[in-house]
Amino acid sequence: IDDTGPQILPKFICSADAMLQGGFNGKSPLTIGNVRNVKTIQTEALAQRRLQAYDMVTALARNENLVVKDARDGNTLGYLESVVRYYRRRYPSRRIVITVDNTHNLGDFAHMEDRSERYKRIANVQKQIANRYDAMMIATVEYRKTNQRECKDIQRMMPSNDDIGETSALKYFASFVG
């Protein structure tokens, strides 16, 4: 909902490469730069891995095991629900995993002045969509910026889930926060 397809694709290719390599096991990783610009690839082996990763993502997309909708398609929960409804009807027994990057960029309830109330509603609708269509939703949020960057205590510098910028409702409705 936040990025466009050309921004998302290299991330999927890098993830596919990691899966094909058995995870991040010390091998030189395929980078987003390698995916975007083939001239940055230094070895034939890495070039081959890039092609294999593209083939994997292409096969997943061809079989609708991977469906990517981006910011140009829609950025509201209403749009998201219509997509999830379509695929749940089309594939009633498949597991559906939804990812929403940067929840704060959703267009829903933008007219509301109370940010906390807005995000409570967004969190509630996200939970309803996941439950209604028996899907798993992974939604990202941003941490509030803190002024602890100069602190000598590393624990105080690191954000915690109490620093989620939107609202505690996003944590409350989530089944997992990590």
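Whatever comes next refers back to the structure up there.
Treat the numbers as computed from the prediction; the structure is a model and nothing was measured.

Caption draft 1: Spotlight on the overall build of the protein. Scanning the protein from N- to C-terminus turns up seven helices and two strands. Reading the protein from its N terminus to its C terminus gives the helix and strand order α-α-α-α-β-α-β-α-α. Split into buried and exposed, the 178 residues of the protein put 32% on the buried side. Considering only contacts within the protein whose residues lie at least 6 apart along the sequence, 56% involve residues at least 24 apart. By element, 51% of the accessible surface of the protein is carried by carbon and sulfur atoms, the whole surface being about 11,700 Å².

Caption draft 2: Geometry of the packing of aromatic side chains. Within this structure, the stated rule accounts for one aromatic pair. Between the NZ or CZ atom of Arg94 and the centre of the ring of Tyr91, over which it lies, the distance is 3.8 Å.

Caption draft 3: Region of the structure containing the packing of helix α4 (residues 77–90) against helix α5 (residues 115–132). Relative to each other, α4 and α5 sit at 5°, their axes nearing to 11 Å. The orientation of α4 relative to α5 falls into the category roughly parallel. Residue-level inspection shows Leu77, Leu80, Glu81 and Val84 of α4 in contact with α5, the latter providing Ile122, Val125, Gln126, Ile129 and Arg132. In the contact of α4 with α5, the residues fall into six nonpolar, one polar and two charged.

Caption draft 4: Up close: the pattern of salt bridges. Counted by the stated rule, this structure contains five salt bridges. Put simply, Arg132 and Glu81 hold a salt bridge, and the shortest N to O gap is 2.5 Å. One end of the pair, Arg132, is in helix α5; the other, Glu81, is in helix α4, with 51 residues separating them in the sequence. Across the pair Glu117 and Arg121 runs a salt bridge, and its minimum N-O distance is 3.7 Å.

Caption draft 5: Just the nonpolar core, in detail. Leu77, Leu80, Val84, Ile98, Val100, Ile129 and Met137 are the most contacted members of the largest nonpolar core, which has 17 residues in total. Among the elements that take part in this core, α4 stands out by supplying five residues, more than any other. Sequence-distant contacts of Leu80, defined by excluding residues within four places in its chain, comprise Ile98, Val100, Ile129 and Met137. Residues Ile13, Ala16, Leu30 and Leu46 belong to the second largest nonpolar core, which totals 10 residues.

Caption draft 6: Fine view of the pairing of strand β2 (residues 135–139). Bridge analysis of strand β1 (residues 96–100) against β2 gives five bridges, and the strand direction is parallel. Within β2, the residue paired with Ile98 across the bridge is Met137. Following the chain from β1 across α5 to the adjacent parallel β2, one finds a crossover that is right-handed.

Caption draft 7: Structural view of helix α1 (residues 5–20). Look at α1: 22 Å from first C-alpha to last across 16 residues, which is about the 22 Å you get at 1.5 Å a residue. Those residues of α1 not exposed but buried are Ile8, Pro10, Ile13, Cys14, Ala16, Asp17 and Ala18. Packing partners of the buried residues in α1 comprise α2 (32–36) and α3 (44–62). Where α1 terminates, the next one or two residues include Gly22, which has phi positive at roughly 80°.

Caption draft 8: The arrangement of the environment of Leu9 in detail. Along the chain, Leu9 falls in helix α1. The exposure class assigned to Leu9 is partly exposed, which follows from its relative accessible area of 34%. Excluding anything up to four places from it in sequence, Leu9 contacts Tyr54 and Val57.

Caption draft 9: Spotlight on a nonpolar patch on the surface. Taken together, the side chains of Val97, Met136 and Ile138 make up a nonpolar region of the molecular surface, amounting to roughly 270 Å² of accessible area. Position of Ile138 among the secondary structure elements: in strand β2. The exposure class assigned to Ile138 is partly exposed, which follows from its relative accessible area of 40%.

The rules we used
- Residues numbered from 1 in each chain as written.
- Predicted model: local features only at pLDDT ≥ 70, side-chain atom pairs only at ≥ 80, totals over all residues.
- Heavy atoms only, no water.
- Helix = DSSP H or I, 4+ residues; strand = E, 2+ residues; numbered from the N terminus.
- Buried < 20%, exposed > 50% of the residue type's maximum accessible area, 1.4 Å probe, protein only.
- Contact = heavy atoms within 4.5 Å.
- Areas by Shrake-Rupley, 256 points an atom, 1.4 Å probe, with all protein chains shown as cover.
- Phe/Tyr/Trp six-rings, centres within 6.5 Å; stacked < 30°, edge-to-face > 60°.
- Lys NZ or Arg CZ within 6 Å of the ring centre and 35° of its normal.
- Axes fitted to C-alpha atoms, helices over the stretch in contact; angles between N-to-C directions.
- Parallel < 35°, antiparallel > 145°, perpendicular 65-115°, else oblique.
- Nonpolar A, V, L, I, M, F, W, Y, C, P; charged D, E, K, R; others polar.
- Salt bridge = Lys/Arg side-chain N within 4 Å of Asp/Glu carboxyl O.
- Core = buried A, V, L, I, M, F, W, Y, C linked by side-chain atoms within 4.5 Å.
- Pairing = 2+ DSSP bridges.
- Right-handed = clockwise from strand over helix to strand, strands pointing away.
- Expected span 1.5 Å × (residues − 1).
- Patch = residues over 30% accessible without salt bridge, like charges linked within 9 Å, V, L, I, M, F, W, Y side chains within 5 Å.

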